[in-house]
Amino acid sequence: MTPVTEPPLGEIDDEGERRALERSWRRRPGIAGWFTVTTHQALGKRYIVTAFVFLLIGGVEALFMRLQLARPDNPLIGPDKYNQLFTTHGTTMMFLFAVPMMEGMGVYLVPLMLGTRNVAFPRLNAFGYWMFLFGGIFLYAGFLTNTGPDAGWFAYTPLSGPQFSPGKRVDIWAQMITFTEISALCVATELIATILKMRAPGMSLTRIPMFCWSMLVQSFMVVFAMPAVMVASNIFLLLDRTVGTHFSNAAEGGDPLLYQHVFWFFGHPEVYIIFIPALGMVSSIVETHTRRAIFGYPAMVLSLVSTGFIGFGLWVHHMFATGLPQIGEAYFTAASMMIAVASGVQIFCWIATMWSGRVHMRTPMYFVLGFVFIFVLGGLTGVMLAAIPLDLQVHDTFFVVAHFHYVLIGGALFPLFGAFYHWFPKFTGRMMNDALGKINFWILFVGFNLTFFPMHILGLKGMTRRIYTYPAEMGWGPANALATVGACIILIGGIVFIANALASRVHGEIAGPDPWDGGTLEWAADSPPRNYNFVNLPVATSRYPMWTPPEERVVVTGVRHDRREALVTTLMDAEPPIWPFITALLLGLGLVGATFRFSWYYPAFGATGIGLIGWFWPRRPEGVRS
Amino acid sequence: MTRARTLFIWAAAVALNGCGGHQQSALDSVGPQAGKIESLWWFFLWLLTAIFLIVIFATLWALTRRHRGIEQEPLERIHLPSGETEHRLTRVVAGASILTVIILFALLIASVTTGKALSELGPKKQGITVEVTGNQWWWYVRYLNGDASRIVVTANEMHIPVGRPVMLRLNSNDVIHSFWTPNLHGKRDLIPGRVNTEWIEADHPGRWRGQCAEFCGMQHAHMAMWVIAEPEDQFERWMEAQRAPSKQPSSASELRGRDVFLNNACVFCHHIAGTPAAGQVAPDLTHVGSRLTLAAGTLPNTKGNLGGWIADPQNVKPGNHMAQIDLPPGDLEPLLDYLESLK
Amino acid sequence: MIRRRTLDVSGLPDIDVSSQEPIWWGQICLCCIEGAMFCILIACYFYFRLSLDMWPPPGTQLPHVAIPTVTLILAIVSCLGSYRASEGAKKNERGAMLRGLLLNLALGCAFLILRGYAWYTLNFNWASDVHGSTVWTILGLHTMDATADLLFTAVLIVALIFGRTGRSMRLAVHVDSVVWYFLVLIWIPLYIVIYWAPRFVGAPA
């Protein structure tokens, strides 16, 4: 794709093209439409809404945990329920909220930002969504029938093995990972292909919006990290549990530590998988609301890419207490600290952007500032954890709980709330209430710090993680009570957000396509975007096409509008297909059955094969259209 | 500046010490290992707090610099700073990044130096070796000795001599646990099939609490242990007392209690030296009366607590592996007398 | 009617049977995923080997290498079929596609049958020890992938016979060959690990 020079003036039949596009991109009506949707806006929104529901569920679980810990020797929740609660909380937040939420934002925004009509593989996208939904339902079906996993979200062997966790609880956890990893891999694959091959003409590598860069890096991380969890949870854990292999059985030559290595080879990149897209969101928000191009674009991109690489070299810092050889540990300390440089560069660039731009203090910017405060603090405690001697003290204590909530809530959730406020007009066509948004921010900010800051001190004072109770003489009561109060304040913040979103959706100010005067291409589409996004595909004449004067902008003509077609791609699909749903359903049933009996895998894969054949069977000779 | 600093130190001290509990704290080091880590901690804390404040002030400054009342200004499509501003910013950002690298390098050196010092601490002096084995959910403790008859076995507490390094050999019988007495040292995992070692040393006499730090199942919360540091002679006396077989019953009630013990399922799991009870899967009870706590730090060791524990273990510590034995009325009291007499 | 600066692309072809297609990139991503998984399993194999004195553990016979070597050669030759099919797809020659796919399918099936026999002669299973668990898992996963791709090849053959030769059909043939190259390519290191590694690194450490 070479940049366009001197494009000719052409005539466009705006109305006629719009009508043709509406016809070929319309949804099937009724229930069938619900199961056959393949447009990225609809699926992106489903991802976002479903993941948000899981955020609420995970949040309520956290609240119950905080209530249990509010005072010493609290009889509210017993150990069995508590262990299920914290395992389900962690699993939900990592696998059912954070990753799918980021992917949903990517699915929704990336095609818009790239100026195309849909993701590269719309049916795969639909399949991925259904797998994610079924996985979530599966986990909660277990949880509600008192079969919730209870071995922690990283399910260390041998505690999670057949001997010490009989029953189906851990099987459900391990198989739930299968569902969500398939879903994540689907989205990663389609986003990579979309970003690499479907950018608007003129959008060279140096013109890709920061958010798309972040999704590209994230997708590559998913591609190389998820296979590790496949090996850990599906092969090591599930095979050990169902057919009696010996991967973690020390008596037969296996090694429980290998599970930890492989799990964290996934688990550490997982953190970056969650928070790299958030960095892209922060960049988008900052550049839009400071009204200037992001400072240091090449440095920002390089930081993202290097974070993606270094993220794979840190996993052992989760295992410093296991007693590995010292020289290797020193390397992992150095690598863990090195990644702070990449994050630091980005923070400096944002500050420089704000310093030299025209900051408009609207709600999204509040959340960005909250992000800077919380994330920098979390990053610095991360530097502490990288130092082995300090890690040996605070590892597996509430200090670590505080640290990763600062990094994940500060680093991902605050940018995400900022992103909701920022892109809500694009999603719904209406603005969110800004005044209420600022109130919402302050409630969340205060509640968050009140909840998690005391945990640093609790950890140093000896409070270990994952304990369901503690004796009064330990003196941990007051700080825990404070944290519980903070958790209730966070709940209020969440309610304010939901109220604001629901009310704004109906009564909010009409936004128009470009309420913030943004620079990237998503603001060229209608709000909410049509199924086909753009009547005429835009051409990226600069890094910020929307900041180019209108008379210099260029659009593409000649893409066929009488069928689902986008530039540099094949036909999207002949008509909205049901096969992704059926395939996901069959595979899902098989996977669920296989947690009870291994032999279910055979019919599962057979049935899935049939689903896939239906999916791929060429409908009719090409060139003939109904 | 000095006043602000004093105030800050004071506030930090209040925050860190205000929640009581010094017997399980990484910030009240009593040995060289924890001491070195604590020094490193304060170094990291002050340096990183300074960096945090600088970043936050820079951000706020960037915001307030010239944007007051900007909402009233006419909207411009894009704001383009001058080339000179860009150039200056590039230098500042590059400088800040280089500074970050330098600071991190300093922190890395401090960390590795401390780590090296820690690894050299133990083996220099004549020490003793204690084997600690993790079980769901209690600690098996064994003092190794070349002479098998001088080996001491106890559970859920460890006496150590002041000023002598103690090498812990850490192993597990079931799942992964982690040994952590923060006042003495950082944590080290107990992994089935492996032996990890760790050196600890106490500078002065005292009692410190430790707790399992790796989630190990249902009663992870109730897997604590006490480390009791004593002067050398007192420690030796304790060792001698522990080496002795159990005390013979000295009253009718204690005698009856011993029979109750020996005639019930207790003997399948527990060991009492000097009696036929030779179970190996639960804590050794030869000197149970001398211990500070019951059920791995769950309850203080009193007769009442012991009675409650034996009568209904699942009530005290739900999910634990101690069998519930329905004793006929009148048997519990003598049993308690007997067990409490095993000093 | 509005007048805008435009870039007319109506002259571009609908589908280009080549690496320009997103589906080709998607398939490369899937190969990366599978490849990463097999690499991790190889790493695990050697991790286990390093932690044990005897490899394979006592009681395990060294796997025979003769038949697996023949199957490897079969697999490599079968790539010729894939190659002919994908070249046929690029040039839109139905006959070449069909012949190539049939060759691929026939040799692929022979490959699987011989592998099944070699597998059957192993004197250990997944539950024997950790060596058995690792080898069986690698074999099982690769066999599952190969079976799935051969099934897909069979479906393509059926579709071709029924006269579907449109451009997306040709693209499918092209992408199918990419998958088969990958499966054969990844099998080479796996073959070395399973059948030769115990001989090279098997001595007591």
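Given the structure is predicted, the values throughout are model-derived calculations rather than measurements. Each chain carries its own residue numbering, running from 1 in the written order of its sequence. Naming scheme: in the order in which they are written, chains are lettered from A and ligands are numbered from 1. Note on the predicted model: pLDDT of at least 70 is required for a residue's local features to be given, and 80 or more for side-chain atom pairs to be given and counted; whole-chain, interface and lining totals, by contrast, use all residues. Calculated side-chain values reflect all of the structure's heavy atoms, with hydrogen atoms and water omitted.

**Student:** Which residues make up the overall build of chain A, and what values go with them?
**Tutor:** What chain A contains, in helices and strands, is 17 helices and 3 strands. Only C-alpha atoms enter the radius of gyration, while the globule expectation follows 2.2 Å times N to the 0.38, with N the number of residues. Against the 2.2 N^0.38 benchmark of 25 Å for 626 residues, chain A shows a C-alpha radius of gyration of 25 Å, consistent with a compact globule. Only protein chains enter the accessibility calculation, which uses a 1.4 Å probe. A residue is then buried if its area is under 20% of the maximum for its type, exposed if over 50%, and partly exposed in between. In chain A, buried positions account for 71% of the 626 residues. Contacts are residue-level and defined by heavy atoms, with any inter-residue pair within 4.5 Å sufficient. For chain A, restricting intrachain contacts to residue pairs at least 6 apart in sequence, the fraction spanning at least 24 positions comes to 83%. As displayed, chain A has an accessible area near 18500 Å², and 69% of this comes from carbon and sulfur atoms. Looking at charge distribution, chain A has the averaged site of its 40 positive side-chain charges lying 5 Å from that of its 37 negative ones. For helices the rule is a DSSP run of H or I covering at least 4 residues; for strands it is a run of E covering at least 2, with both sets numbered from the N terminus onward. Accessible surface area values rest on a Shrake-Rupley calculation with a 1.4 Å probe, where residue burial reflects the displayed protein chains alone. Charged-residue counts in this description rest on Lys and Arg as positive and Asp and Glu as negative, His and the chain ends being excluded. To locate a charge, take NZ of a lysine, CZ of an arginine, CG of an aspartate or CD of a glutamate.

**Student:** Break down the confidence of the model for chain C for me, citing the residues and quoting the values.
**Tutor:** Residue and element names in this part refer to chain C. Across chain C, the average pLDDT comes to 87, with 91% of residues at or above 70. Residue-level confidence of the predictor is summarised by pLDDT, bounded by 0 at the bottom and 100 at the top. Across chain C, element-level confidence peaks in helix α3 (residues 94–120) with a mean pLDDT of 93 and bottoms out in strand β1 (residues 2–8) with 65. Predicted as a complex, the structure gets a pTM of 0.92 and an ipTM equal to 0.91.

**Student:** A description of the side chain of His289(A) should follow, citing residues and the corresponding values.
**Tutor:** By the element assignment, His289(A) lies in helix α8 (residues 256–290). Among all residues touching His289(A), those that are not within four sequence positions of it are Arg358(A), Val359(A), His360(A), Arg362(A), Pro364(A), Met365(A), His422(A) and Trp516(A).

**Student:** Describe in detail the state of the cysteines, supporting the description with residues and values.
**Tutor:** A pair of cysteine sulfur atoms is labelled a disulfide when the two atoms are within 2.5 Å. Throughout the structure, instances matching the rule amount to 0 disulfides over all chains. Free of any disulfide, Cys349(A) has its nearest neighbouring cysteine sulfur in Cys212(A), separated by 19 Å. Taking relative accessible area as the criterion, Cys349(A) reaches 0% and is therefore assigned buried. Looking at Cys216(B), it has no disulfide partner, and the nearest cysteine sulfur is the one in Cys212(B), 3.8 Å off. Using a relative accessible area of 0% as the deciding quantity, one classes Cys216(B) as buried.

**Student:** Please give an account of the interface of chain B and chain A that cites residues and values.
**Tutor:** Taken together, the 90 residues of chain B in the interface contact 87 residues of chain A. Values labelled buried area give the accessible surface lost by two parts on being combined, using a 1.4 Å probe and summing over both. Buried area between chain B and chain A, summed over both chains or domains, comes out near 7700 Å², and the portion from carbon and sulfur atoms is 68%. Only one rule defines a salt bridge in this text: a Lys or Arg side-chain nitrogen within 4 Å of an Asp or Glu carboxyl oxygen. Seen at the junction of chain B and chain A, the total is 3 salt bridges. Any N or O atom pair separated by 3.5 Å or less is treated as a polar contact, with the protein-specific requirement of one donor-capable and one acceptor-capable atom, and with residues adjacent in sequence counted only for side-chain atom pairs. Applying the counting rule to chain B against chain A returns 15 residue pairs in polar contact (both at pLDDT 80 or more). Listed by contribution, the elements that provide at least two residues to the side of chain B that touches chain A are α1 (2–17), α2 (32–64), α3 (83–121), β7 (188–190) and β9 (206–211) of chain B.

**Student:** An account of the pairing of strand β2 (residues 138–143) of chain B is requested, with residue identities and associated values reported.
**Tutor:** Residue and element names in this part refer to chain B. Here β2 lies mainly inside the structure; 5 of its 6 residues are buried. Note: strand β1 (residues 128–135) against β2, 6 bridges, orientation antiparallel. Counted as the bridge partner of Val 130 is Tyr 143 from β2. Here β1 folds back onto β2, and the loop between the two strands holds 2 residues. What makes two strands pair is DSSP finding at least two bridges between them. By the bridge criterion, 4 bridges tie β2 to strand β3 (residues 152–155) in an arrangement that is antiparallel.

**Student:** Lay out the pattern of salt bridges in plain terms, naming residues and giving numbers.
**Tutor:** Where side chains of opposite charge bring their charged atoms close, a pairing between them can arise. Taken as a whole and assessed by the stated rule, the structure comprises 22 salt bridges over all chains. Among the ionic pairs, Glu333(B) bridges to Lys303(B), the shortest N-O distance being 2.8 Å. Of this pair, Glu333(B) sits in helix α9 (residues 332–341) while Lys303(B) sits in helix α7 (residues 303–311), and the two are 30 residues apart along the sequence. Judged by its relative accessible area of 45%, Glu333(B) is partly exposed. Residue class for Lys303(B) comes out partly exposed when judged on its relative accessible area of 30%. Salt-bridge contacts for Lys303(B) lead to Asp337(B); the nearest nitrogen and oxygen are separated by 2.8 Å. Highlighted residues: Lys303(B) in helix α7 and Asp337(B) in helix α9, separated in sequence by 34 residues. The class for Asp337(B) is partly exposed, based on a relative accessible area of 22%. Three or more residues joined by partner-sharing salt bridges are found here, namely Asp80(A), Asp150(A) and Arg169(A).

**Student:** Explain the pairing of strand β8 (residues 196–200) of chain B residue by residue, including any values.
**Tutor:** Residues and elements named next belong to chain B. Burial along β8 is one-sided: the face carrying Asn 196, Glu 198 and Ile 200 is buried and the face carrying Thr 197 and Trp 199 is not. The pairing of strand β5 (residues 166–172) with β8 spans 5 bridges and is antiparallel. Residue pairing for β8: Arg 169 is matched across the bridge by Thr 197.

**Student:** Kindly report on the packing of helix α13 (residues 398–428) of chain A against helix α14 (residues 434–460) of chain A, identifying the contributing residues and their values.
**Tutor:** All names here are of chain A. Only the stretch in contact is used when fitting a helix axis, every axis being a line fitted to C-alpha atoms; angles between N-to-C directions are given from 0 to 180 degrees. Remark: α13 packs on α14, axes separated minimally by 8 Å, with the N-to-C direction vectors making an angle of 170 degrees. Looking at the two axes, α13 sits roughly antiparallel to α14. Of the two elements, α13 crosses α14, and the hand of that crossing is left-handed. Throughout this entry, Asp, Glu, Lys and Arg are counted as charged residues, while Ala, Val, Leu, Ile, Met, Phe, Trp, Tyr, Cys and Pro are counted as nonpolar. The remaining residues, Gly among them, count as polar. Looking at the contact of α13 with α14, its residues break down into 18 nonpolar, 7 polar and no charged. Any angle that is under 35 degrees is reported as roughly parallel, and any over 145 degrees as roughly antiparallel; angles of 65 to 115 degrees are reported as roughly perpendicular and all others as oblique. Helix crossings fall into two classes, left-handed where the near helix is turned counterclockwise from the far one by less than a right angle and right-handed where it is turned clockwise.

**Student:** Summarise the sheet that holds β2(B); cite the residues concerned and give the values.
**Tutor:** All names here are of chain B. The mixed open sheet is built from 5 strands, whose spatial order is β3-β2-β1-β5-β8. Each having just a single partner strand, β3 and β8 make up the two edges of the open sheet. Neighbour-to-neighbour, the strand axes of this sheet turn through a mean angle of 25 degrees, independent of strand direction.

**Student:** Give me the lowdown on helix α17 (residues 601–616) of chain A, citing residues and values where you can.
**Tutor:** Residue and element names in this part refer to chain A. In this model, α17 (16 residues) spans 22 Å end to end at C-alpha, consistent with the 22 Å of a helix rising 1.5 Å per residue. Every buried residue of α17 is listed here: Tyr 601, Ala 604, Thr 608, Gly 611, Gly 614 and Trp 615. Angular distribution of buried residues about the axis of α17 spans 145 degrees; they occupy a single face of the element. For α17, exposure combined with an orientation more than 90 degrees from the buried face picks out Tyr 602 and Ile 610. A helix is expected to span 1.5 Å multiplied by its residue count minus one. In this context, the arc is that of the directions from the helix axis out to the C-beta atoms.

**Student:** Mind laying out the confidence of the model for chain A, listing which residues take part and the relevant values?
**Tutor:** Residues and elements named next belong to chain A. Mean pLDDT over chain A works out to 88, with 93% of the residues at or above the 70 mark. Model confidence for chain A, summarised as mean pLDDT per element, is weakest for strand β1 (residues 9–12) at 64 and strongest for α14 at 96. Under a pLDDT of 50 for its full length, residues 569–574 has, in the predicted model, 22 contacts with residues more than four places off or in other chains. Across residues 620–626 the pLDDT falls below 50, and counting only partners more than four positions away or on other chains, this stretch makes 9 contacts in the model.

**Student:** Which residues make up the nonpolar core, and what are the values?
**Tutor:** The biggest cluster of nonpolar side chains holds 333 residues, and the ones touching the most others in it are Met105(A), Phe263(A), Phe414(A), Phe44(B), Tyr143(B) and Met158(B). Looking at which element gives the most residues to this core, the answer is helix α7 (residues 210–242) of chain A, with 22 residues. Per-domain counts for this core show at least three residues from each of domain 1 (32–118) and domain 2 (129–241) of chain B. Beyond its immediate chain neighbours, meaning those up to four positions away, Tyr143(B) contacts Ile128(B), Thr129(B), Val130(B), Ile151(B), Val152(B), Thr154(B), Met158(B), His159(B), Phe235(B), Trp238(B) and Met239(B). Among the buried residues, those of types Ala, Val, Leu, Ile, Met, Phe, Trp, Tyr and Cys that are joined through side-chain atoms within 4.5 Å form a nonpolar core. Within the second largest apolar cluster, 19 residues are counted, among which are Ile272(B), Leu294(B), Leu299(B) and Tyr338(B). Start and end points for every domain follow an automatic or database-based domain assignment.

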